[in-house]
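# Coordinate analysis (summary)
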Amino acid sequence: MTYEIEIDEAACAAHGDCEAIAPEAFEVDDVARVIGTAPDELVMEAAKACPSVAIRLVDASSGRQVYP
Ligand code: SF4
């Protein structure tokens, strides 16, 4: 499975937790941006660590939302 990552910019409070966990995938300035890919497990860990639940993960093959 490969996750597509979407950031809810309105919800993101730029805490930086996502970048700390998966710096290959996230970069945080005023708001988090997706800059690349990382292993699914790491991306899921980052999504779960987001205090604002601003990271949405979608299964790229099925289009099914897998988080939150
Ligand atoms: S952890 Fe969540 S709120 Fe914090 S920068 Fe990343 S997406 Fe934004």
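Provided above is the structure to which this section pertains.
Attention here is on the structure that accompanies the text. (Residues numbered from 1 in each chain as written. Predicted model: local features only at pLDDT ≥ 70, side-chain atom pairs only at ≥ 80, totals over all residues. Heavy atoms only, no water.)

Along the chain, Asp59 turns up in strand 4 (residues 55-59). Salt bridges are absent for the buried Asp59, whose nearest opposite-charge side chain, Arg64, sits at 5.0 Å. One polar contact links Asp59 to Ser61, side chain to side chain, over a distance of 2.9 Å. Looking at Asp59, its side chain comes within polar contact range of the side chain of Ser62, at 3.2 Å. (Helix = DSSP H or I, 4+ residues; strand = E, 2+ residues; numbered from the N terminus. Buried < 20%, exposed > 50% of the residue type's maximum accessible area, 1.4 Å probe, protein only. Lys, Arg positive; Asp, Glu negative; His and termini not counted. Salt bridge = Lys/Arg side-chain N within 4 Å of Asp/Glu carboxyl O. Polar contact = N/O pair within 3.5 Å; in protein donor to acceptor, adjacent residues only side chain to side chain.)

Pro68 follows Tyr67 through a cis peptide bond whose omega is -5 degrees. Relative to the helices and strands, Pro68 resides in the segment after strand 5 (65-67). Phi angles above zero are rare outside glycine, and Val53 is one such case at about 50 degrees. Looking at where Val53 falls in the secondary structure, it is placed in the loop between helix 2 (40-49) and strand 4.

Okay, the site of the ligand next. Around the ligand sit 13 residues in total, of which Cys12, His15, Gly16, Cys18 and Cys50 are the nearest. Residues that form the shell around the ligand fall into these classes: 9 nonpolar, 3 polar and 1 charged. (Near = heavy atom within 4 Å. Nonpolar A, V, L, I, M, F, W, Y, C, P; charged D, E, K, R; others polar.)

Attention now moves to the pairing of strand 4. With 4 of 5 residues buried, strand 4 lies mostly within the body of the structure. In the sheet, strand 1 (residues 3-7) pairs with strand 4 via 5 bridges, with the strands oriented antiparallel. Residue pairing for strand 4: Ile5 is matched across the bridge by Leu57. Bridge analysis of strand 4 against strand 5 gives 2 bridges, and the strand direction is antiparallel. Counted as the bridge partner of Leu57 is Tyr67 from strand 5. The antiparallel pairing of strand 4 with strand 5 creates a hairpin that spans 5 residues between the two strands, and Gly63 there sits at a positive phi of about 80 degrees. (Pairing = 2+ DSSP bridges.)

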